[in-house]
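A closer look at the structure
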Amino acid sequence: MIYLVRKLGAIALDLIEGLGRMGMFFFRVIRGVGRPPGKYLSTLKQVQFIGTKSFFVIGFTAAFTGMVLGLQGYYTLSKFGSEGLLGSAVGLSLIRELGPVLTALMVTGRAGSAMCAEIGIMRIEEQIDALECMAVDPHSYLITPKLIAGLIALPLLTAFCDVLGIFGGYLIGVQLLGVSGGAFMDGLTSSVVWDDVYMGIVKSFCFAVLMIWICTYKGYYAGLDEGNFGPEEVSWATTQAVVYASISILVSDYIITSILL
Amino acid sequence: MSSHNMIEIRGLDSHYKGRQVLFNIGFAIPHKKVTVIMGRSGCGKTTLLRHLIGLKPSESGRVFVEGQDMGSFDEKGMANYRRRIGVLFQSGALFNSLTVSQNIAVPLKVHTRLSDETIRIMSLIKLHLVGLADFLDYMPSQLSGGMRKRAGLARALAMDPEILFVDEPSSGLDPITAAGLDDLILELRETLGMTIIVVTHELESAVKIADQMVVMDRGNLLAVGTPDEIRSSQDETVLRFLRREAEEQQVNTESYLSRLLGRQYKAGENSTRRQGGVR
Amino acid sequence: MPLRFYQTEPHQALVKLEGNFDSDTAPEIRKSLIKIVKNKGSESLKIDFSEVPNLGTAGVAVLVEVLRAMTRKGGALELVGLNDNARQMIRLARLGEIFQT
Ligand SMILES: Nc1ncnc2c1ncn2[C@@H]1O[C@H](COP(=O)(O)OP(=O)(O)OP(=O)(O)O)[C@@H](O)[C@H]1O
Ligand SMILES: [Mg+2]
């Protein structure tokens, strides 16, 4: 019994300590924005990294999701005889929900995991210690460019995902199932308003922050809890990073939706 | 406190996850001198170095830099201290996504507004110093272990540090290159008046470069003194270390056997018991 | 970091440096020196180091750049008034012969 209480207490303390450390980590990364050296080049490199890593995966996912949406939407809507609403159904679900979420999940899997592993390897190979010994803040030097790059890349990739998804829905709905093209586009343009786009943008910014934060944090502290640094620590950290980032993306998606709705 | 000491260590203990690895270490590192730390593998040399460069906070015991307690350094104080030091890690710790010259340029790019061309010439100068001028644009993965070490040394020298920490610079180097590094260390002390702390296993090289030698054994400080003092030491363990004699392994044998044979074997009990354990 | 320029003779220029020549001051000194080399086109440039207490590797690197620019124009570079520290810095960079120290 006492053992249980103690164990629970220890877990709670660990949790609080972990959260505090995550907070400090984030603060240091943000603080790094204005610090030398200039981050244009490193940020651009990271944008390119995120983009090239996830571009095709997102394209595929988006196209097929859109096509499935077209099929399912048509099937459901035709029961009520309102196939004409297909455009707005596909557009709204992509722009408000699926676009940001799918993009963030794909980027987490492709670029987030790679970032986590990269930082984790720098940790176990003492490269982060080396940076500290040069009086170079590793947060600002390594992580800040990644965060800014995430904030730039994710909304762009989300837009790309939305467009391809809608195109997929159009392809199935109009070309295959014979919904009138005019009705599709009409439904799309009349039902999607600025608020929907706004929600999508807010989401992709939030997801970018969450994803980069969690992935780099996990890599940065790889093996630190166990006190030993080895390759298995990095792989463990990477797995955890992807899982936690994906969960927090899904949870925060719900929260943002409920707030903005 | 004497102003001739760059760093002073007092009563330093160190732990990893509850296991103590340093016991009450205390000695001083004089200004503009070469201090060599020696000791067998695993005795805590690298750990001690990590305390001196502020990577491992001291739980008990203190490290003073020019009379100031390192534990009281805030972020800025620590950054100021670290701008004055150069560190070669035991693993080299090169940034493996950057070329050798970009590695050396990292501290310069962050701390100065020097032009790229100046920085390139500077890294060439430093690399030439360690005999790697031809490998400016190589990636760390394209270098041998000893070359990585030397590139790490060049990087440690990038900011013209006042204090240089080197963890086993000559491990993995042939005798000739290693001797070259010894000469370089002496030259740095001679010409620039650098305070240099070297961890090494090589007794010959230690005697050659040391102004002060520190001998450690299993987390304890065994002896501190000039090479001559150490060599004329009366301490059994020090002498044995210097003579490179294997230690009598009585204590270890017992724990080894009890580990092999399980709990039946109790250290210190007679041999009949031991046979029982085997059977 | 003050830097004074004198045109001593038609083809002779003298630059007098005052203060440390290290990674903090090197960017500015570099700019001025390169400008002098470009504009004046003097055949020979003398740099007086007698008021320079400290020369760093960054300073040596800038001197290499100036030397390069001068030789490209067919001119010569001469360093005078080097103290021990500066001399040793240059030797440590293995450039003692090139700068004739
Ligand atoms: N990250 C770590 N986690 C737990 N224990 C560690 C860690 N690093 C070192 N140790 C332990 O601390 C002790 C001292 O290690 P240290 O690396 O300081 O030895 P060393 O003298 O540098 O050895 P070597 O000459 O082989 O490099 C060793 O017993 C080692 O097991
Ligand atoms: Mg070691």
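From a predicted model like this one, the values you see are computed outputs, not experimental measurements. (Residues numbered from 1 in each chain as written. Chains lettered and ligands numbered in written order. Predicted model: local features only at pLDDT ≥ 70, side-chain atom pairs only at ≥ 80, totals over all residues. Heavy atoms only, no water.)

**Observations regarding the overall build of chain B**
Broken down by element type, chain B carries 11 helices and 10 strands. For chain B, buried positions account for 52% of its 279 residues. Considering only intrachain contacts with a sequence separation of at least 6, the fraction spanning at least 24 residues in chain B is 63%. By element, 47% of the accessible surface of chain B is carried by carbon and sulfur atoms, the whole surface being about 13500 Å². (Helix = DSSP H or I, 4+ residues; strand = E, 2+ residues; numbered from the N terminus. Buried < 20%, exposed > 50% of the residue type's maximum accessible area, 1.4 Å probe, protein only. Contact = heavy atoms within 4.5 Å. Areas by Shrake-Rupley, 256 points an atom, 1.4 Å probe, with all protein chains shown as cover.)

**A look at empty space enclosed by the protein**
For the coordinates displayed, the defined rule picks out 6 cavities of 30 Å³ or more. Considered as a void within the structure, the largest cavity measures approximately 130 Å³ in volume. Taken together, 15 residues line the largest cavity, and the ones lying closest to its centre are Met-134 of chain A together with Ile-85, Gly-86, Arg-155 and Ala-156 of chain B. Elements that contribute at least two residues to the lining of the largest cavity include exactly helix H4 (127-133) of chain A together with helix H2 (75-83), strand E6 (85-88), helix H3 (100-111) and helix H5 (145-156) of chain B. Ranked by the residues each element gives to the lining of the largest cavity, the list is headed by E6 of chain B, at 3 residues. (1 Å grid on protein atoms, 1.4 Å probe; cavity = no way out; pocket = protein on both sides within 12 Å on 5 of 7 lines; lining within 4 Å. Points joined across faces, edges and corners; volume = space filled by probe spheres on them.)

**With respect to the coordination of the magnesium ion (ligand 2)**
For the magnesium ion (ligand 2), the full set of protein donor atoms is Thr-46 of chain B (OG1) and Gln-90 of chain B (OE1), at a range of 1.9 to 2.2 Å. With Thr-46 of chain B in helix H1 (residues 45-52) and Gln-90 of chain B in the loop between E6 and H3, the pair connects residues that are 44 residues apart, well separated along the chain. (Donors = N, O, S within 2.8 Å, 3.2 Å for Na, K, Ca; no water.)

**Here's the deal with the packing of helix H2 (residues 40-79) of chain A against helix H5 (residues 138-176) of chain A**
All names here are of chain A. Axis separation between H2 and H5 bottoms out at 7 Å; the angle between their running directions is 25°. By the criterion of interaxial angle, the relationship of H2 to H5 is roughly parallel. Judged by the twist between their axes, the crossing of H2 over H5 is right-handed. Class assignment for the residues of the contact of H2 with H5 results in 18 nonpolar, 11 polar and 1 charged. (Axes fitted to C-alpha atoms, helices over the stretch in contact; angles between N-to-C directions. Parallel < 35°, antiparallel > 145°, perpendicular 65-115°, else oblique. Left-handed = near helix turned anticlockwise from the far one by under 90°. Nonpolar A, V, L, I, M, F, W, Y, C, P; charged D, E, K, R; others polar.)

**Brief notes about the packing of aromatic side chains**
Residues and elements named next belong to chain A. Applying the stated criterion across every chain yields a total of 14 aromatic pairs over all chains. Seen in terms of ring centroids, Tyr-217 and Tyr-221 are 5.1 Å apart; in terms of plane orientation they differ by 50°. Their pairing is tilted. Tyr-221 shares its class with Tyr-217; the two are buried. What links up through ring pairs into an aromatic cluster is the set Phe-25, Tyr-217, Tyr-220 and Tyr-221. Across from the ring centre of Tyr-220, 4.8 Å away, lies the NZ or CZ of Arg-123, which sits over that ring. (Phe/Tyr/Trp six-rings, centres within 6.5 Å; stacked < 30°, edge-to-face > 60°. Lys NZ or Arg CZ within 6 Å of the ring centre and 35° of its normal.)

**A word on the site of ligand 1**
Residue and element names in this part refer to chain B. As a matter of local geometry, ligand 1 sits amid 14 residues, with Ser-41, Lys-45, Thr-46, Thr-47 and Gln-90 nearest to it. One of the side-chain N or O atoms of Lys-45 is found 2.7 Å from an oxygen atom in ligand 1. Protein contact buries 71% of the 630 Å² of open area that ligand 1 shows by itself. Breaking the shell around ligand 1 down by element, the ones donating at least two residues are strand E2 (19-30) and H1. Among the elements that take part in the shell around ligand 1, H1 stands out by supplying 3 residues, more than any other. Taken together, the residues of the shell around ligand 1 break down into 3 nonpolar, 8 polar and 3 charged. (Near = heavy atom within 4 Å. Polar contact = N/O pair within 3.5 Å; in protein donor to acceptor, adjacent residues only side chain to side chain.)

**Looking at the interface of chain C and chain B**
Taken together, the contact between chain C and chain B spans 20 residues of the former and 18 residues of the latter. When chain C packs against chain B, close to 1700 Å² is buried across both sides, 63% of that on carbon and sulfur atoms. For chain C, the biggest contributors to the area lost against chain B are Thr-57, Leu-92 and Arg-94 of chain C; these three give 34% of the whole. Where chain C touches chain B, the interface holds 2 salt bridges. Notably, a salt bridge pairs Arg-94 of chain C with Glu-187 of chain B, separated by 2.9 Å at the nearest N-O pair. Joining chain C to chain B, the criterion identifies 7 residue pairs in polar contact (both at pLDDT 80 or more). Secondary structure elements with two or more residues in the side of chain C that touches chain B: helix H1 (26-40), helix H2 (57-72) and helix H3 (84-92) of chain C. With 8 residues, H2 of chain C is the largest single contributor of residues to the side of chain C that touches chain B. The residue makeup of the side of chain C that touches chain B, split by class, is 11 nonpolar, 4 polar and 5 charged. (Buried area = accessible area lost by both parts, 1.4 Å probe. Salt bridge = Lys/Arg side-chain N within 4 Å of Asp/Glu carboxyl O.)

**Description of the packing of helix H3 (residues 86-124) of chain A against helix H8 (residues 231-260) of chain A**
All names here are of chain A. Relative to each other, H3 and H8 sit at 155°, their axes nearing to 9 Å. Relative to H8, H3 is oriented roughly antiparallel. Where H3 crosses over H8, the two elements pack in a sense that is right-handed. Taking contact as the criterion, the partners of Glu-97, Val-101, Ala-104, Leu-105, Thr-108, Ser-113, Cys-116, Ala-117, Gly-120, Ile-121 and Ile-124 in H3 are, on H8, Pro-231, Val-234, Ala-237, Thr-238, Ala-241, Val-242, Ala-245, Ser-246, Ile-249, Leu-250, Asp-253 and Thr-257. Across the contact of H3 with H8, the residue classes tally to 15 nonpolar, 6 polar and 2 charged.

**A look at the pairing of strand E4 (residues 60-65) of chain B**
All names here are of chain B. The pairing of strand E1 (residues 5-16) with E4 spans 5 bridges and is antiparallel. In the strand pairing of E4, Ile-9 is matched with Val-63. The pairing of E4 with strand E5 (residues 68-69) spans 2 bridges and is classified as antiparallel. Following the sheet pairing, Phe-64 is matched in E5 by Asp-69. (Pairing = 2+ DSSP bridges.)

**Here's the deal with the sheet that holds E4 of chain B**
Residues and elements named next belong to chain B. On the basis of which strands lie adjacent, the open sheet formed by 4 strands has the order E2-E1-E4-E5 and antiparallel pairing. Where the open sheet ends on each side, the last strands, each with one partner, are E2 and E5. Looking at chain direction, E1 and E2 are connected through 8 bridges and run antiparallel. Each residue of the ladder has a partner; that of Glu-8, found in E2, is Ala-28. Across the sheet, H1 touches E1, E2 and E4, and the angle it forms with E1 is around 120°.

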